[in-house]
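One-letter residues, chain by chain:
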Amino acid sequence: MDASEVKVLRGRVLSFVDEPASIDDAKSYRYIEDGAVVVGGGKIIMVGEFNPKAAAHHEIIDHRGKLILPGLIDPHIHFPQMQVIGSYAANLLEWLNTYTFVEEQRFADKAHATRIAARFFDELIRHGTTTAAAYCTIHPTSVDAFFGEAAKRDMLMVGGKVMMDRNAPEALRDTPQSGYDESKALLEKWHGRGRARYAITPRFAITSTHEQMEMAEALAREYPDVHIQTHVDENLAEVAFAKELFPNLPDYLGIYERYHLLGPKTLLGHCIHLTHRECEVLTQTRSVAVWCPTSNLFIGSGLFDHDRLHAHGARIAVATDVGGGSSYSMLRTLDEGYKVLQLRGQRLNPLRSFYMMTLGNARAMSLDDRIGTIETGRDADLVVLDASATPQMALRMEAVDTLANELFLLQTCGDDRAVVETYVAGRPMKSALAA
Ligand code: GUN
Ligand code: ZN
């Protein structure tokens, strides 16, 4: 590595080491008031107290007063839905049919897919998100655009072609065989290339026949280390429809269980209306329930029962679900999540929120050996946050006296304006975006 490539980021370094048990669980994180994160070759070379002598030979980037955290992680998002956000619909199925399945047809066009993919990664960077698990459309062009644009930015991204062969417009349907063949070719092309990771992506049980589910199962068997992503138990009419389509199975999650699609690499969007049996199966298979608060509120799908799943010992992640979700910001997402749990009489303390956006989501995606913490050897994906980013936040900050309350302010009032800089593989990316 060229020594000139090494940078020292000076600031208040915060990184979680474990799930916080309470708002004052100081053992759950490591905090360095005048800290330094030394990055080079895309990795974190060192983290510790800022040492002027040691830093003297390198470029020092001064983020003093700001918080340096691991880059934020969004484990469920739809990149082709950037122009769907804020679409007016009564419920999930109406929203899908009226807007989403219309917009997604445009991704057969390579120019459109590439333009939106570029804007997508720019928006993630603007919001401090450095890794996401994304749905593409059925079109291989959309997957090529997604991974191609991610590679240009050297971002660690998980994504896949959605497989759908029924209950969608003709132009958005593949077949069991073409869904399998195209997914396999895309997986072979992209998985492990640079920082790309493929996800086998049967959209949800409603849009896949028995034959297509078998093809997804075959892929998962052939590529056991690859992620699987899908939706489950989001909306009551959706649950009823799924059960009608697979009448001999015990429940909605039982459909994915039947095709051996559950496991530690399976990301299940929503998980709102789970039965007791589904909670047990989710937990036993170590599949991940992905909570999407802004989407669940916006579409009116329901209030996620965090404590029930936590009591089962289930793995839980939290995500934006743009464009059902209404913000790219993980800060806005956790703020809405906090309010959902307030309505349920459950507590979400700010340490836990920031754990979830970073190490918690990294663990849920089985990527915590690479991202989610600030440690020597980890990928240098970082975000710099400013809790005084707006005049009203700065005024409120005058009365904030603990780190936990500063995080809570960031979550409650923060958005992309609180993101000072986003580093991807050690490179400052937000400041490089065109305004
Ligand atoms: N279920 C199946 N597809 C989708 C989607 O695109 N968004 C949401 N929120 N739920 C889904
Ligand atoms: Zn979704």
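One numbering rule holds for all chains: residues counted from 1, following each sequence as written. Lettering for chains starts from A, numbering for ligands starts from 1, and both go in the order in which the items are written. Local features in this predicted model are restricted to residues of pLDDT 70 or higher, and side-chain atom pairs are both shown and tallied only at a pLDDT of 80 or more, whereas totals for entire chains, interfaces and linings draw on every residue. To get the side-chain values, take all heavy atoms of the structure and skip hydrogens and water.

Points about the site of ligand 1
Counted only if it meets this: Proximity is defined per residue: if any heavy atom of the residue lies within 4 Å of a molecule or strand, that residue is considered near it. Throughout this description, a polar contact denotes any pair of N or O atoms lying within 3.5 Å of each other; where both atoms belong to protein, one of them has to be capable of donating a hydrogen while the other can accept it, and for residues adjacent in sequence the pair is counted only when both atoms sit in side chains. Helix and strand labels come from DSSP, where a helix needs a run of H or I of at least four residues and a strand needs a run of E of at least two; each type is numbered from the N terminus.
Neighbouring ligand 1 are the residues His78, Gln81, Leu92, Trp95, Leu96, Arg203, Phe204, His231, Glu234, His270, Ser295 and Asp321. Arg203 is positioned with one of its side-chain polar atoms (N or O) 2.7 Å from an oxygen atom of ligand 1. One of the side-chain N or O atoms of Asp321 is found 2.9 Å from a nitrogen atom in ligand 1. Broken down by element, the shell around ligand 1 gets its largest block of residues, three residues, from helix 2 (residues 92-103).

Overview of the sheet that holds strand 3 (residues 43-49)
We apply this condition: Any two strands with at least two DSSP bridges between them are considered paired. Contact definition: two residues touch when any of their heavy atoms are within 4.5 Å. A fitted line through C-alpha atoms serves as each axis, taken over the contacting stretch for helices, and the angle formed by two N-to-C directions is quoted from 0 to 180°.
Taken in spatial order, the seven strands make up an open sheet running 3-2-1-4-14-15-16, and their pairing is mixed. Edge positions in the sheet fall to strand 3 and strand 16 (427-428), since each has one partner strand and no second. The pairing of strand 4 (residues 59-70) with strand 14 (residues 382-385) spans four bridges and is classified as antiparallel. Bridging from a neighbouring strand, Pro70 pairs with Leu382 of strand 14. The sheet strands contacting helix 13 (residues 350-364) are strand 1 (7-16), strand 2 (29-40), strand 4 and strand 14, and the helix crosses strand 1 at an angle near 120°.

Section: helix 9 (residues 276-285)
Put simply, the rule reads: Buried residues are those whose accessible area, probed at 1.4 Å on protein chains only, stays under 20% of the maximum for their type, while exposed residues exceed 50% and partly exposed ones sit between those limits.
The set of residues buried in helix 9 consists of Glu278, Cys279, Val281, Leu282 and Thr283. Elements in contact with the buried residues of helix 9: helix 8 (252-258), strand 11 (266-270), strand 12 (288-291) and helix 11 (306-312). Arg286 lies just past helix 9 and shows a positive phi near 65°.

Structural notes on the coordination of the zinc ion (ligand 2)
The condition is simple: Sites may look incomplete because water is not among the atoms; the donors themselves are N, O and S atoms within 2.8 Å of the metal, or within 3.2 Å for Na, K and Ca. Irregular is the label for any site that misses the other tests, which are tetrahedral for four donors with all angles between 85 and 135 degrees, and square planar for four donors or octahedral for six when opposite donors exceed 155 degrees and the remaining angles lie between 65 and 115.
Distances from the zinc ion (ligand 2) to its protein donors, His76 (NE2), His78 (NE2), His231 (NE2) and Asp321 (OD), fall at 2.0 to 2.4 Å. Metal-centred angles of 90 to 166° between the four donor atoms at the zinc ion (ligand 2) mark the site as irregular. Of note, the donors binding the zinc ion (ligand 2) are all from one chain and are spaced H-x1-H-x152-H-x89-D.

Thoughts on the pairing of strand 13 (residues 315-318)
Every second residue of strand 13 is oriented toward a common face, with Arg315 and Ala317 on one face and Ile316 and Val318 on the other, all of them buried. Bridge count for strand 12 against strand 13 is four bridges, and the pairing is parallel. When the bridges of strand 13 are listed, Val290 appears paired with Ala317.

Quick word on the environment of Leu367
Its location among the elements puts Leu367 in the loop between helix 13 and strand 14. Judged by its relative accessible area of 4%, Leu367 is buried. When sequence neighbours within four positions are dropped, the list of residues in contact with Leu367 reads Thr131, Leu156, Val158, Arg197 and Ala362.

Section: the side chain of Glu123
Note that Glu123 resides in helix 3 (residues 110-126). On the basis of relative accessibility, which here comes to 15%, the residue Glu123 falls in the buried class. When near neighbours in sequence (up to four residues on either side) are disregarded, Glu123 contacts Met82 and Tyr328.

Looking at helix 2
The line we're drawing: The length a helix should cover is 1.5 Å for every residue beyond the first. The directions from the helix axis to the C-beta atoms form the arc being described.
The terminal C-alpha atoms of helix 2, which comprises twelve residues, lie 15 Å apart, in line with the 16 Å expected from a rise of 1.5 Å per residue. Within helix 2 the residues assigned to the buried category are Leu92, Leu93, Trp95, Leu96, Thr100, Phe101 and Glu103. Along the axis of helix 2, the buried positions cluster into a sector of 140°, meaning they face one direction only. Packed against the buried residues of helix 2 are helix 3, helix 7 (236-245) and helix 10 (293-299).

Focus on unusual backbone geometry
Along the chain, Val322 connects to Gly323 via a cis peptide bond; the corresponding omega equals 5°. Within the secondary structure, Gly323 sits in the loop between strand 13 and helix 12 (330-343). At Asp154, a residue that is not glycine, the phi angle is positive and equals roughly 55°. Checked against the element boundaries, Asp154 lands in the loop between helix 4 (140-152) and strand 7 (157-160).

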